[in-house]
Number of protein chains: 2
Amino acid sequence: MGNMVKPFLQGRRLLETFLVLCLLVYVMDLPSAAKAAGKVNKHVWDVRYNYVSPDCYKKLAITINGLVPGPTIHAVEGETVVVQVTNSLVTENVAIHWHGIRQIGTPWSDGTESVTQCAIQPGDTFVYQFVVDKAGTYMYHAHYGMQLGDGIYGMIRVKAAHKEPFSYSSEHEILLSDWYHKNAYEHAIDLSSEPFVWVGEPNSVLIQGRAFACNEPGTEAGQCKEPNRKCSPFSLNVRPGRTIRLRIGSLTALSTLSFEIEDHEMTVVEADGNYVEPFKVKHLYLYSGETYSVLIKTSPKKDRSRNYWMVAKVVSRESSTPSGLAILNYNFNPPLALPPTDPPAGPHWNDTSDRIDQSVAVKAHHAYLNPPPKKSDRTIILLNTQNKIEGKVRWSLNNVSLNLPHTPYLIALKENLSYVLDHKIPPDSYDVENYDIHSVPKNTEAHPSTGGLYRLKFNSIVDVILQNANTMTPNVSETHPWHLHGHDFWVLGYGRGKFNMATDTASYNLTNPIMKNSVPLHPYGWTALRFRADNPGVWAFHCHIEFHFFLGMAVVFEEGIDQVGELPDSIMGCGETKPFVKP
Amino acid sequence: MGNMVKPFLQGRRLLETFLVLCLLVYVMDLPSAAKAAGKVNKHVWDVRYNYVSPDCYKKLAITINGLVPGPTIHAVEGETVVVQVTNSLVTENVAIHWHGIRQIGTPWSDGTESVTQCAIQPGDTFVYQFVVDKAGTYMYHAHYGMQLGDGIYGMIRVKAAHKEPFSYSSEHEILLSDWYHKNAYEHAIDLSSEPFVWVGEPNSVLIQGRAFACNEPGTEAGQCKEPNRKCSPFSLNVRPGRTIRLRIGSLTALSTLSFEIEDHEMTVVEADGNYVEPFKVKHLYLYSGETYSVLIKTSPKKDRSRNYWMVAKVVSRESSTPSGLAILNYNFNPPLALPPTDPPAGPHWNDTSDRIDQSVAVKAHHAYLNPPPKKSDRTIILLNTQNKIEGKVRWSLNNVSLNLPHTPYLIALKENLSYVLDHKIPPDSYDVENYDIHSVPKNTEAHPSTGGLYRLKFNSIVDVILQNANTMTPNVSETHPWHLHGHDFWVLGYGRGKFNMATDTASYNLTNPIMKNSVPLHPYGWTALRFRADNPGVWAFHCHIEFHFFLGMAVVFEEGIDQVGELPDSIMGCGETKPFVKP
């Protein structure tokens, strides 16, 4: 068998030279194809370890060019973004996902290990190339194991080429994250342990990669005279009398956050790259994977001789994690001069109603309506349950807990290697009649499988109802931030209790639903989404809590696989796509 | 170009089924080939993270089947060892080297990432298969990045099918290692930093994977009433009045050790799988990569009502690391009953003469002489220097600091992918005339390269002179334990100062030199080796200090590449051996 390898390898040199030339011509010289797609926006990234101490605790992070968060990508809608990622981790692979970018025509650039590509090996360089076709606020992060939690994340700012329905004098990114002193390797063995070891609450909440520590240890923020400059908090400089756009995103590993700026109301104007009918909030709830643009006014009415707190507080879990603090720095106060006040306490962690209200309040801007089809072709109801499977704690959808396959779905399906996947078709619903969502789950038939793959009719309209339930702990139902790759979906509605197909569909907002790529599923509630399966590829749909995804809380959608173009060879090299594999 | 991929991938299923069947028939059923090679000795290993706390400090280790050290392989000479390694690390690759096994006819099973194989990816299973053709004490360990230091190592005990020149009533392994609380990822960024951050001395020395901690913190061993049972030391149970064989090996990341058993003289009888003309020592020096068998007598003259200390002390560096302590437990004393004495202090760390004397004392057993050829065909003198290259601290041989290539040497050379390597031929010597080995190196021409590849005439006799020198610190020359893959070599001699080709060759021991695979290069000294380049393959020759190897202290020997059999496909999948690679 091995004699296949020689002509194959010997022919490689010429082929490679040709490919290098092609890419050079394409990237450097902007020929017709690139011109059509818009300007090329190129980035050279090196993924490497670096010590960081955002909260004054020194931790080995996985960084991009040494930074946490990584560099912001600044692009203009229509541009082709090219990111050349070199893996300089010594023994570890990596993959990077472009969160919110639909990857139309480039499903292989989605960066989702096991779904759209093999991980990038140490020493390898992988080129992500995709069009940012829609203005908005997006993000990127590792999508391999639980590397996100160790610091590989950042923002993508796609400026509008058209006029937007609001104006502002300056704009800034604020990326929120939570931060553990333990690393992803430790989390992996904790979560795989028998008995189960929960990773616990994060040590810190970071605002733009920084936490707040007082220079006098143990002093609360309001009493603190000076922040610890070794890990000084993020400080955002603003001028008075302006309207400022803040592009806020959350890439927490676990936490739902409430973000607030002391004495500054926020007007929500964009969500996940879609314009929002403006509404004002005192605090903005962010679920991992979401982005919002808000406008704030640095009005001359305020006392400009002082700075103001920015606060990111953990909600929806009774968390021991101190709130993330940063400083809104009015010109010309010292950037780290502490506000004379206590930081705002924020909303109560368990005020689910307030959070549902805000979820419902996010509607499409009246001038940018893209109303959904009135009906769907298929409805998939996904019951979210925590289960014990083979002695280990897992998360399941309709009793299927996703095991990521060794060969990525996109390659397996496109290249007819479907024998690598479990062929059992996952169910479109659960036992709605008899399942008690308020009880500890008894579903003993839950099982791990690579078969959580829903094959969708191309261009069909699909409804997904996310149904929450009780966890394995009595009287506990968690919040799950769900994220869909490759699409924006219409958010048709949120409800409490068990979704009722006969009555709850009547409450759908079919008039001005917002389109998003990430959406919360509230405790004991349901969330209804609709999308058009019109993007040829294979797309992950999963809970954006790193630990829940690791424990199987995901499904995969395939649509129009036959319309997917020739797969680039660079996404291969693992599982069945190694040149040859001995058992 | 991508259309090559489809028939290739589609044909894979049949091919793979065939391969599975072949392997099953081969492994399970012992057909003619396996019978000729001897019995099959099969092991199933899972490489995974596990918390361990050998010195009462909890650290995430990389383990085999959860263990540090990993399971001992018990084999009989002539057997075929099959180790099926599954990589269950979540995002990290691995490769395992069989230290001292010559891999005759199976160079692809040597387990040296970048030299003989691509690393095993997460989820992959790789089958190592090789014949243990010679009785003796061998070891295995990770050979990828600096994973060895995180715990992947163990011993291979190959029993003789013939009568040995000594007898004993029982035998035991004692694997020595040093242990850092920092992990390999942290070491990697420290060593790659500018300015350079040295990893420092290890936190502990482990004897058979255990350290000694007193139950009363801060109490010295001699004053300690009870060891801390949470991390209790290794205790070796022996009966009085017996002769016992101890198979002792060292796989330290950094340290040279002196091993001693209180009141028990040791008779050295085997070194690196070769019989030694017996000689007695009070303490045995071990350089990383070496193994020795010693015989001890648990004589009835001794006080058998007590236990005795075993001590492993760091020498050749002025180390802050406490000596490793374990217990020789006389039947029927309690296993952890502490000896009533202070542990032996061991030799002075800086007694180079004593260490050279012991190196020289290791000679081949008179009944097992395999005298070396009288002359060599080629002499390669390798000057060992520490250099600053591109602002970073590195180690070089004749000014070449090895950068491991992206495509393993074995594959690159066998499959004529030599364009992936630097073609500059590394020098066979250095400027012997003018180089001052007692001064801080001034060699500004040192450079990193994948070209540290010496191509040897098949079956030729090669001499290697390792020449030590001053480091970048005035008046410091370090000890380097050098290890050759794929061969045993004759140890022709050790000397002080600069090797003189005209006069020092006369001092060679051509009568009864020991054969070994690992050998020390003493401070400011030289070590002369001779071997026959008769094992078709590509073989690493390197300093066995993990950190020095990481910093380039290695060369590679190629011999008889045209006689290497068909390469197994399972070693491929990285660099140029991915099915296709886009730049």
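This text goes with the structure placed above it.
This is a predicted model, so every value here is computed, not measured.

A. Geometry of the environment of A160 of chain B. Residues and elements named next belong to chain B. Positionally, A160 belongs in the loop between strand 8 (153–159) and strand 9 (170–179). Sequence-wise, A160 and F549 are 389 residues apart; in three dimensions their C-alpha atoms are separated by 33 Å. Leave out the neighbours within four places in its chain, and A160 touches E77, A135 and Y275.

B. Highlighting the sheet that holds strand 9 (residues 170–179) of chain A. All names here are of chain A. On the basis of which strands lie adjacent, the open sheet formed by 6 strands has the order 10-9-12-17-14-15 and mixed pairing. Each edge of the open sheet is held by one strand with a lone partner, namely strand 10 (204–207) and strand 15 (274–281). This sheet shows a mean twist of 25 degrees between the axes of neighbouring strands, independent of strand direction. Here 5 bridges tie strand 14 (residues 266–271) to strand 15, and the two strands are oriented antiparallel to one another. Bridged to A271 within strand 15 is N274.

C. Local environment of the pattern of salt bridges. Residues and elements named next belong to chain A. Enumeration according to the criterion identifies 47 salt bridges over all chains in this entry. A salt bridge links R48 to D46, with the shortest nitrogen-to-oxygen separation between them at 2.8 Å. The salt bridge involving E201 is made with R317; its shortest N-O contact spans 2.8 Å. In this pair, E201 sits in the loop between helix 4 (184–191) and strand 10 while R317 sits in the loop between strand 18 (308–315) and strand 19 (324–330), placing the two residues 116 residues apart along the sequence. Each member of the pair, E201 together with R317, is buried.

D. Representation of the pairing of strand 21 (residues 392–397) of chain B in the model. Residues and elements named next belong to chain B. Across the 6 residues of strand 21, 5 count as buried, placing the element largely inside the fold. Bridge analysis of strand 20 (residues 378–389) against strand 21 gives 6 bridges, and the strand direction is antiparallel. Bridge assignment links K388 to a residue of strand 21, and that residue is V393. Remark: 2 residues form the turn of the hairpin made by strand 20 and strand 21, two consecutive strands paired antiparallel; E390 in that turn has positive phi of roughly 50 degrees.

E. Summary view of the environment of H99 of chain A. Residues and elements named next belong to chain A. For H99, the location among the structural elements is in strand 5 (residues 96–99). Taking C-alpha positions, H99 is 10.0 Å from L251, a pair spaced 152 residues apart along the chain. What H99 contacts, discounting residues up to four positions off in sequence, is Y138, M139, Y140, H141, G289, H483, N517, S518 and H544. Within the local environment of H99, its side chain forms a polar contact with the side chain of H141, the two groups lying 3.3 Å apart. At 3.3 Å, the side chain of H99 and the side chain of S518 are in polar contact.

F. View of the sheet that holds strand 1 (residues 40–52) of chain A. Read across the sheet, 4 strands follow the order 2-1-4-6 (chain A) without closing on themselves; strand pairing throughout is mixed. Each having just a single partner strand, strand 2 (59–64) and strand 6 (125–131) of chain A make up the two edges of the open sheet. Going across the sheet, the axis of each strand differs from the next one's by a mean of 20 degrees, ignoring polarity. As paired elements, strand 4 (residues 80–87) of chain A and strand 6 of chain A share 7 bridges and run antiparallel to each other. From the neighbouring strand, T86 of chain A faces strand 6 of chain A, where its bridge partner is T125 of chain A. Most of the contacts of helix 4 (residues 184–191) of chain B go to strand 1 of chain A, to which it runs at about 110 degrees, and overall it touches strand 1 and strand 2 of chain A.

G. A look at the state of the cysteines. All names here are of chain A. Counting across every chain of the model gives 6 disulfides over all chains. Bridging C56 to C231, the disulfide has an S-S length of 2.1 Å. Looking down the S-S bond of the C56 and C231 bridge, the torsion is -95 degrees, so its handedness is left-handed. Placement of the pair is C56 in the loop between strand 1 and strand 2 and C231 in the loop between strand 10 and strand 11 (235–238), with a sequence separation of 175 residues. Shown here for chain A is a disulfide pattern of 1-5, 2-6, 3-4, where each number marks a bonded cysteine counted in sequence order.

Quick notes on the rules
Residues numbered from 1 in each chain as written. Chains lettered and ligands numbered in written order. Predicted model: local features only at pLDDT ≥ 70, side-chain atom pairs only at ≥ 80, totals over all residues. Heavy atoms only, no water. Helix = DSSP H or I, 4+ residues; strand = E, 2+ residues; numbered from the N terminus. Contact = heavy atoms within 4.5 Å. Pairing = 2+ DSSP bridges. Axes fitted to C-alpha atoms, helices over the stretch in contact; angles between N-to-C directions. Salt bridge = Lys/Arg side-chain N within 4 Å of Asp/Glu carboxyl O. Buried < 20%, exposed > 50% of the residue type's maximum accessible area, 1.4 Å probe, protein only. Polar contact = N/O pair within 3.5 Å; in protein donor to acceptor, adjacent residues only side chain to side chain. Disulfide = S-S within 2.5 Å.

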